[in-house]
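Given next are the chains, with one letter for each unit.
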Amino acid sequence: MFASLCGYNAFAQTLADPADSLKSQLDANTILASIFSGKSSKPANPSVPVQNRTFWSVLPSAAYNPSVGFAAGVISSGGKYFGDPATTTLSVINAGFYLSTGGLSTFEFKQNAFSAQNKWNLQGTVQIGKTVAMDNGLGTGKRSFGEGNFFMNNTHFENNPDAFPIRYVYIKANERIYRKLANSIYVGAGLSFNYYSHIDDDRKDIPISKTHNYRYSIRNGFPITSYQANGLLFNFQFNTRDQPNRAFRGIYADIVFRSNQTWLGSNRDAMQVKLEFRKYWSLSKTNPEHVFAIWHWSNYLISGALPYLELPGTGSDAYGRIGRAFIIGRFKGMSFVYNEAEYRFPLTANKLLSGVAFINAETANNQQRIKLFRHWEPGGGAGLRLLFNKYTRSNLCIDYGRGTYGSSGFFLGLNEVF
């Protein structure tokens, strides 16, 4: 999906880290302010308490993703404390709008708000868009021709009878509220509404009965051109990250039970369990931006059935960032498991530019012979980071990744992948 162009993660912000002084840092927001004002941007007034400040940045953006081609739009990032910064996490809002060369579009709004002392946490996402994805079917361990080249050469897919571009419109809304039980431990509940319409298997001269969406939908009792997956969410979370927009240290663990219900509008009932674990190690006390991080993300179907475009897979996390090196939806299944490791390091003394190196692997099953964990699809690459807003640690990301079957591409987004 197009969502990966404007990825987002947001939780905490520590402004008073003595090993990471903001005074010596330079960000894109400051540079633009200096250009347009004709003079250097003034630092925030130290007499104004941090908890009374609002941090906000808006930038035009050009982006590229192998799934949708080139795009132009606007991105914004803001933050504010609703309590003492010593005990309260920064509340963050991110929004973005893009139009692509392929006539695709997306709008995203994401918020993560904390009350005083983090007693309550409200997380939400709204995504509306028109997009296209290359559909390679279910499971891992299968070769596909023309990986990542849809906007460059359509004939690649004409030569591969098992891969089909699929176009659709989507509306997604997800809202969760958490209550703090103890230090770093939260429980929560929420609702998720996902609607897919105008689904078109762009199959050329191939009968629609040969496409993956058609065959899966008929087999599992779903409509062909539109369907819904609406459900209840129950969450357990453990979070010690210092700042997950770009964490230097800490742990994030989340367990989500999702129950799709027909009385909420779903076409079929289903039960899923999603597990997520992230760990960050800062490798330097004087330069905390040197970070080694790991990420585990998995989604298991326990009962029932999901609509085809709702199946977990590459890019199916909340921010569309899983599986750099592959197009979104390249691998998917009833259940899906993903692991990634990344090393992050500053490139300039003022922290304006940073770099990353990463490796990852994913596995998925299907309804026939391919079992989960049987085939792993590896990827890896490197990337560049431009500090967008030093107060919220937001950054602009450009990564180049390569994976199996000759897959490769550039991936751009807002904020770290995880």
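Residues take numbers from 1 onward in each chain, read along the sequence in its written order. Residues qualify for local features only when their pLDDT is at least 70, as the model is predicted, and side-chain atom pairs are given and counted only at 80 or more; totals for whole chains, interfaces and linings, by contrast, use all residues. Hydrogens and water molecules were not included; the side-chain quantities draw on all heavy atoms of the structure.

A. Highlighting the overall build of the protein chain. By definition, any uninterrupted DSSP run of H or I lasting at least four residues is a helix, any uninterrupted run of E lasting at least two residues is a strand, and each is numbered from the N terminus. The helix and strand tally for the protein chain stands at 3 helices and 16 strands. The proportion of buried residues among the 418 residues of the protein chain is 56%. The criterion used for residue contact is that any of the two residues' heavy atoms lie within 4.5 Å. Restricting to contacts in the protein chain with at least 6 residues of sequence separation, those with at least 24 account for 64%. Accessible surface for the protein chain amounts to roughly 17100 Å². Of this, 62% is attributable to carbon and sulfur atoms. The buried label goes to any residue with under 20% of its type's maximum accessible area, the exposed label to any with over 50%, and the partly exposed label to all in between, with areas taken from a 1.4 Å probe on protein chains only. The Shrake-Rupley method, run with a 1.4 Å probe sphere, supplies the accessible areas, and residue values consider only the shown protein chains as cover.

B. Representation of the packing of aromatic side chains within the structure. Note on ring pairs: Phe, Tyr and Trp rings are taken, using the six-membered ring of Trp, and paired if centres are within 6.5 Å. Classes follow the plane angle, with under 30 degrees stacked, over 60 edge-to-face and the rest tilted. A full pass over the atoms with the stated rule returns 14 aromatic pairs. Aromatic side chains Tyr-216 and Tyr-308 sit 5.4 Å apart centroid to centroid with 55° between the ring planes, which places their arrangement in the tilted category. Placement of the pair is Tyr-216 in helix α3 (residues 212-220) and Tyr-308 in the loop between β11 (291-304) and β12 (336-346), with a sequence separation of 92 residues. Taking the relative accessible area as the measure of exposure, Tyr-216 reaches 2% and is therefore buried. Exposure remark for Tyr-308: the relative accessible area of 1% places this residue in the buried category. Relative to Tyr-338, the ring of Trp-295 lies with its centre 5.6 Å away and its plane at 80°, an arrangement referred to as edge-to-face. In this pair, Trp-295 is assigned in strand β11 and Tyr-338 in strand β12, connecting sequence segments 43 residues apart. Here the two residues Trp-295 and Tyr-338 agree in accessibility, since each one is buried. Here the aromatic cluster, defined as three or more aromatic residues joined through ring pairs, consists of Tyr-168, Tyr-170, Tyr-196, Phe-222 and Tyr-227.

C. The arrangement of the pairing of strand β8 (residues 227-239) in detail. Here a strand pair is declared whenever DSSP counts at least two bridges between the two strands. Where strand β7 (residues 185-201) lies against β8, 12 bridges are found, and the strand directions are antiparallel. The residue bridging Phe-193 from the neighbouring strand is Asn-230, located in β8. The pairing of β8 with strand β9 (residues 250-260) spans 9 bridges and is classified as antiparallel. Residue Gln-237 lies in a different strand from β9, and its bridge partner there is Asp-254.

D. Representation of a nonpolar patch on the surface. Where nonpolar side chains cluster on the molecular surface, the patch consists of Ile-93, Phe-97, Leu-99, Phe-107, Phe-109, Val-126, Ile-128, Ile-171 and Tyr-195 and spans about 710 Å² of accessible area. Counting only elements with at least two residues in the nonpolar patch, the list comes to β3 (91-100), β4 (105-114) and β5 (120-135). A total of 3 residues in the nonpolar patch trace back to one element, the largest contributor, which is β3. Mapped onto the elements of the fold, Ile-128 is located in strand β5. Given the relative accessible area of 39%, Ile-128 is considered partly exposed. Two distance rules govern patches: like charges are joined within 9 Å, and nonpolar side chains (Val, Leu, Ile, Met, Phe, Trp, Tyr) within 5 Å, applied only to residues with over 30% relative accessible area and no salt bridge. Should a side-chain nitrogen of Lys or Arg be within 4 Å of a carboxyl oxygen of Asp or Glu, the pair is scored as a salt bridge.

E. Structural context of the pattern of salt bridges. This model, assessed by the stated rule, comprises 16 salt bridges. Among the ionic pairs, Glu-340 bridges to Arg-324, the shortest N-O distance being 2.4 Å. Of the two residues, Glu-340 is situated in strand β12 and Arg-324 in the loop between β11 and β12; the sequence distance between them amounts to 16 residues. Looking at Glu-340, the relative accessible area reads 3%, which means it is buried.

F. Representation of unusual backbone geometry within the structure. Here Ser-184, not a glycine, exhibits a phi torsion of approximately 75°, which is positive. Here Ser-184 is to be found in the loop between β6 (164-182) and β7. For Tyr-405, which is not glycine, the phi dihedral falls at a positive 65°. Relative to the helices and strands, Tyr-405 resides in the loop between β15 (394-403) and β16 (408-414).

G. A look at the pairing of β6. With 16 bridges joining them, β5 and β6 adopt antiparallel strand pairing. In the strand pairing of β6, Ala-133 is matched with Ile-166. As judged from the 15 bridges shared by β6 and β7, these two strands associate in the antiparallel manner. The residue bridging Ala-173 from the neighbouring strand is Phe-193, located in β7. The antiparallel hairpin formed by β6 and β7 contains 2 residues in its connecting segment, where Ser-184 sits at a positive phi of about 75°.

H. Expanded view of the confidence of the model for the protein chain. Averaged over every residue, the pLDDT of the protein chain is 82; residues scoring 70 or more account for 81%. Per residue, pLDDT measures the predictor's confidence, with a range of 0 to 100. Here residues 1-19 is a poorly scored stretch, pLDDT under 50, and it has 105 contacts once near neighbours within four places are set aside; other chains count. Predicted confidence for residues 144-160 stays below pLDDT 50, and this span has 34 contacts to residues more than four positions away or in other chains.

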